[in-house]
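Report on the structure
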Amino acid sequence: MSTENLPQSPEPQPSRKPRVAVVFGGRSSEHGISVVTAGAVLKAIDRTRYDVLPIGITQDGRWALTADEPDRMAITDRRTPSVDQLADSADGAVVLPVDPADREVVYSEPGSVPKALGQVDVVFPVLHGPYGEDGTLQGLLELSGVPYVGSGVLASAVGQDKEYMKRVFTSFGLKVGPYLVIRPREWEQDESAARKKIIGFAGEHGWPLFVKPARAGSSIGITKVDGLSGLDDAIAEAQRHDPKILVEAALRGREIECGVLEFEDGPRASVPAEIPPPDAHAYYDFEAKYIDSTPGIVPAPLTEEETAEVRRLAVEAFDAASCEGLVRADFFLTEDGEFVINEINTMPGFTPISMYPQMWQATGVSYPELVDRLVQAALRRSTGLR
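Residues numbered from 1 in each chain as written. Predicted model: local features only at pLDDT ≥ 70, side-chain atom pairs only at ≥ 80, totals over all residues. Heavy atoms only, no water.

**Some details on the pattern of salt bridges**
Scanning the model with the defined rule gives 31 salt bridges in all. With its nearest N and O atoms 4.0 Å apart, the salt bridge here joins R62 to D84. With R62 in the loop between strand 2 (51-57) and strand 3 (63-65) and D84 in helix 2 (residues 83-86), this pair connects stretches of sequence that are 22 residues apart. Between E248 and K166 there is a salt bridge, with the nearest N and O atoms lying 3.0 Å from each other. Taken together, the residues span a long stretch of sequence, with E248 in strand 11 (residues 245-249) and K166 in helix 5 (residues 162-171) at a distance of 82 residues. K166 carries the same exposure label as E248, and that label is buried. Each member of the salt-bridge network shares a partner with another, and the members are E142, E262, E324, R381 and R386. (Salt bridge = Lys/Arg side-chain N within 4 Å of Asp/Glu carboxyl O. Helix = DSSP H or I, 4+ residues; strand = E, 2+ residues; numbered from the N terminus. Buried < 20%, exposed > 50% of the residue type's maximum accessible area, 1.4 Å probe, protein only.)

Okay, structure coming up:
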């Protein structure tokens with residue numbers, strides 16, 4: 001019998017630990033929180049199993065080699081850190097491979113010979129917001145042939161753009177709350193008509209409204225508007241972060257979150273958490289989340305039926321958007337007992353005090369195990385169509 005067409009055993013390779021590049025920072029307004037998240041991941045990743053290469057992206061887009069010093073990547077005096085504070089050089093740059101057959105990362109500085117930093121087996125991108133969480137970085141990694149943690153190009157883009165996220169969920173039968181989109185062209189061509197459109201929406205659904213950037217996260221740029229007098233300022237604040245804005249009707253109910261994690265046999269949901277209304281804030285905004293660390297309730301005080309239902313819906317949302325790796329799904333449990341999905345985050349806040357790792361901790365998956373499972377899931381997947 002010929003063995004010509006049978007699978008051949010690979011030649012033995014020298015044993016080495018997989019190399020993980022933790023990429024963080026970025027050009028979005030969530031730069032600082034991304035650095036904090038990276039510090040937590042760097043502290044938790046098992047150095048006996050993985051070699052680690054920290055790479056920071058500055059706010060002007062330079063890829064920098066940074067210090068592997070997680071303790072410097074924390075919120076201090078109510079201020080978030082930046083990649084510029086951690087970069088080894090003010091003008092050195094890291095370059096990812098562009099040839100899928102070569103995963104060699106190179107570091108160069110003006111006037112110096114480029115230095116090879118070795119091959120990267122997987123990228124752990126802990127960027128939040130545009131230019132990182134929205135499919136742009138994922139597309140670059142697909143072109144480079146480098147596996148990465150988290151969702152692919154389409155799911156990342158859908159998870160970032162709240163308008164299309166809601167459209168996808170609706171098409172899959174998931175219930176979303178009333179919303180309105182104002183695109184840049186509408187505003188540029190006729191501000192008055194766009195403003196009247198929002199006022200008409202308020203007339204139909206009532207005040208307050210939430211005005212937010214359509215493609216931002218961490219509650220940045222969001223304003224709770226209680227009446228007409230605050231509308232223009234809210235629009236200007238949202239447009240500071242994104243020319244496309246989203247207007248949502250307020251939903252009366254409890255805020256419930258649920259984590260989804262990819263296991264070997266498919267996605268599973270964590271126990272849910274509840275976000276109680278913060279005492280010192282109008283809603284669960286950026287400062288409530290990250291600066292004042294408003295605690296969530298884990299697990300959420302729900303009935304067994306409610307818990308089972310929100311876990312089921314979280315996995316449905318994960319599948320509807322074709323997500324991979326991880327997702328945090330945010331819901332409202334309305335006064336009539338119905339779960340309405342607000343949004344998903346394909347790379348949620350990942351600090352130890354963030355709700356995603358807290359929910360998995362309560363489910364029986366520790367923070368270091370969570371990081372390991374995400375890296376392993378990425379290593380199991382190939383890049384390209386799948």
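From this point on, the discussion continues.
**Some words on unusual backbone geometry**
With an omega of 0 degrees, the peptide bond between W207 and P208 qualifies as cis. Its identity as a non-glycine residue notwithstanding, Y131 has a phi of 65 degrees, on the positive side. Considering the arrangement of structural elements, one finds Y131 in the loop between strand 7 (122-125) and helix 3 (136-144).

**A look at the side chain of D121**
Mapping D121 onto the fold places it in the loop between strand 6 (115-119) and strand 7. Here the side chain of D121 touches R16 through a polar contact of 2.8 Å, side chain to side chain. Among residues more than four places away in sequence, those in contact with D121 are R16, K17, P18, R19, R103, P147 and L379. (Polar contact = N/O pair within 3.5 Å; in protein donor to acceptor, adjacent residues only side chain to side chain. Contact = heavy atoms within 4.5 Å.)

**A closer look at the environment of A249**
Counting through the fold element by element, A249 comes out in strand 11. A249 sits in the buried class, given a relative accessible area of 10%. Dropping the residues within four chain positions of it, A249 is found in contact with P178, F201, H205 and L209.

**Considering the sheet that holds strand 10 (residues 223-225)**
By way of backbone hydrogen bonds, the strands of a sheet pair with one another, either parallel or antiparallel. Read across the sheet, four strands follow the order 8-11-9-10 without closing on themselves; strand pairing throughout is antiparallel. The strands lining the two open edges of the sheet, one partner per strand, are strand 8 (179-182) and strand 10. Taking each pair of neighbouring strands and ignoring which way they run, the sheet shows an average axis angle of 25 degrees. Its contacts with the sheet place helix 7 (residues 191-205) against strand 8, strand 9 (209-213) and strand 11, and it is angled at close to 175 degrees to strand 8. (Pairing = 2+ DSSP bridges. Axes fitted to C-alpha atoms, helices over the stretch in contact; angles between N-to-C directions.)

**Considering helix 11 (residues 355-363)**
Turning to helix 11, its buried residues are M355, Y356, P357, M359 and W360. Taken together, the buried residues of helix 11 touch strand 12 (253-263), strand 13 (266-269), strand 14 (273-275), strand 15 (326-334) and helix 12 (367-380). Phi turns positive one or two residues past the end of helix 11, at G364, with a value near 110 degrees.

**Things to note about the sheet that holds strand 4 (residues 93-95)**
With antiparallel pairing, the three strands of this open sheet are ordered in space as 4-5-6. Taken across any chain shown, the strands that pair with only one partner, and hence form the sheet edges, are strand 4 and strand 6. Neighbour-to-neighbour, the strand axes of this sheet turn through a mean angle of 25 degrees, independent of strand direction. Here four bridges tie strand 5 (residues 104-108) to strand 6, and the two strands are oriented antiparallel to one another. Across the sheet, residue V106 finds its bridge partner in strand 6, namely A116.

**Considerations on the state of the cysteines**
In total, this model carries zero disulfides according to the counting rule given. Looking at C323, it has no disulfide partner, and the nearest cysteine sulfur is the one in C258, 13 Å off. Residue C323 is classed as buried on the basis of its relative accessible area of 8%. (Disulfide = S-S within 2.5 Å.)

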